[in-house]
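Each chain, written out:
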Amino acid sequence: MTKYTYKIIEVVLVVLLIGFVAFLFISNSGGTKKRVKEIAAPVLQSADFSALSRKTAADAAKVFGFDTSKEEGILYYANDDIMDCSELLIVKLKDEADAAAFQEAIEARVQKQKNLFQNYAPDQYALLKAAIIETSGNTVFYCTSKDTDAIYDAFKKAL
């Protein structure tokens, strides 16, 4: 084979490698096409949510300061007892680009709660320190609970 043939093979392999990497990046960008109800079913079976009340999208917007016109679906559970910081929130967004703003709003809420509970409810403060806030493409997850890890695992599997 000539040098020219090796160059052609090299260029073809580089183009294939770039195409493969691009394919992996696009296919693993996260998020889901599933509806929030489909994600919620296994999540709600992963722990005991009897102490929490199901809230509306309007409740979530009020608590977190969300623009509900940007969401496709919200699952929000919170405790009605103001001395319990347990919450579960799953938001599916219409546009993945809005995820950062939603995550920042959640982080601000958690920080506010930490400031409230730090000095007089150390058990609740510990839960808030262990809270999980994750974004996967067009889906944002937040949980503060005694069972946060199990709930998050169920969420990841449900995606």
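Here's a quick rundown of the structure. From a predicted model like this one, the values you see are computed outputs, not experimental measurements.

**Side note on the pattern of salt bridges**
Reasoning step 1: By the definition in use, this model includes 5 salt bridges.
Reasoning step 2: Lys55 is the salt-bridge partner of Asp80, the closest N and O atoms lying 2.4 Å from each other. With Asp80 in the loop between β2 (71-78) and β3 (87-93) and Lys55 in strand β1 (residues 53-55), this residue pair connects regions lying 25 residues apart in the sequence.
Reasoning step 3: Salt-bridge contacts for Asp98 lead to Lys70; the nearest nitrogen and oxygen are separated by 3.8 Å.

**Here's the deal with the side chain of Thr148**
Reasoning step 1: Tracing the backbone shows Thr148 in helix α6 (residues 148-158).
Reasoning step 2: Assessed through its relative accessible area of 4%, Thr148 is described here as buried.
Reasoning step 3: Reaching out from Thr148, the side chain makes a polar contact with the backbone oxygen of Ser145 at a distance of 2.7 Å.

**Some words on the nonpolar core**
Reasoning step 1: Membership of the largest hydrophobic core comes to 23 residues, with the highest contact counts inside it found for Phe64, Phe66, Leu89, Val91, Ile106 and Tyr142.
Reasoning step 2: For this core, the secondary structure elements donating two or more residues are α3 (57-64), β2, β3, α4 (99-117), α5 (122-129) and β5 (139-144).
Reasoning step 3: If one sorts the elements of this core by residue count, α4 sits on top with 6 residues.
Reasoning step 4: Setting aside residues no more than four positions away along its own chain, Leu89 makes contact with Ala60, Phe64, Phe66, Ile74, Leu75, Tyr76, Ile106, Val140, Phe141 and Tyr142.
Reasoning step 5: The next biggest cluster of nonpolar side chains, apart from the first, holds 19 residues, and it includes Val36, Tyr77, Ile90 and Tyr152.

**Points about the sheet that holds β3**
Reasoning step 1: Taken in spatial order, the 5 strands line up as β1-β2-β3-β5-β4 in an open sheet, and their pairing is antiparallel. The strands lining the two open edges of the sheet, one partner per strand, are β1 and β4 (132-136). Pairwise comparison of adjacent strand axes, ignoring direction, gives a mean angle of 10° for this sheet.
Reasoning step 2: Relative to β2, β1 runs antiparallel, the two sharing 3 bridges. Among the inter-strand pairings, Arg54 is bridged to a residue of β2, identified as Tyr77.

**Some details on the packing of aromatic side chains**
Reasoning step 1: According to the stated counting rule, one finds 9 aromatic pairs in the structure shown.
Reasoning step 2: Ring geometry for Phe64 and Tyr76: centres 5.5 Å apart, planes at 75°, overall edge-to-face. With Phe64 in helix α3 and Tyr76 in strand β2, this residue pair connects regions lying 12 residues apart in the sequence.
Reasoning step 3: By relative accessible area, which is 6% here, Phe64 ends up buried.
Reasoning step 4: Given a relative accessible area of 3%, Tyr76 falls into the buried group.

**Some details on the pairing of β5**
Reasoning step 1: Of all 6 residues in β5, 6 are buried; the element is thus mostly enclosed.
Reasoning step 2: Because side chains alternate across β5, one face comprises the buried residues Thr139, Phe141 and Cys143, and the other comprises Val140, Tyr142 and Thr144, equally buried.
Reasoning step 3: Where β4 and β5 come together, 5 bridges link them in antiparallel fashion. Looking across to β5, one finds that Glu134 is bridged to Phe141.

**Focus: α4**
Reasoning step 1: Between its first and last C-alpha atoms α4 spans 27 Å; for 19 residues at 1.5 Å apiece the expected length is 27 Å, and the two agree.
Reasoning step 2: Within α4, the full set of buried residues consists of Ala99, Phe102, Gln103, Ala105, Ile106, Arg109, Val110, Gln113, Lys114 and Phe117.
Reasoning step 3: The secondary structure elements touched by the buried residues of α4 are α3, β2, β3, α5, β4 and β5.

**Focus: the environment of Ala101**
Reasoning step 1: Assignment of secondary structure puts Ala101 in helix α4.
Reasoning step 2: For the pair Ala101 and Phe66, spaced 35 residues apart in sequence, the C-alpha to C-alpha distance is 8.6 Å.

What counts as what
Residues numbered from 1 in each chain as written. Predicted model: local features only at pLDDT ≥ 70, side-chain atom pairs only at ≥ 80, totals over all residues. Heavy atoms only, no water. Salt bridge = Lys/Arg side-chain N within 4 Å of Asp/Glu carboxyl O. Helix = DSSP H or I, 4+ residues; strand = E, 2+ residues; numbered from the N terminus. Buried < 20%, exposed > 50% of the residue type's maximum accessible area, 1.4 Å probe, protein only. Polar contact = N/O pair within 3.5 Å; in protein donor to acceptor, adjacent residues only side chain to side chain. Core = buried A, V, L, I, M, F, W, Y, C linked by side-chain atoms within 4.5 Å. Contact = heavy atoms within 4.5 Å. Pairing = 2+ DSSP bridges. Axes fitted to C-alpha atoms, helices over the stretch in contact; angles between N-to-C directions. Phe/Tyr/Trp six-rings, centres within 6.5 Å; stacked < 30°, edge-to-face > 60°. Expected span 1.5 Å × (residues − 1).

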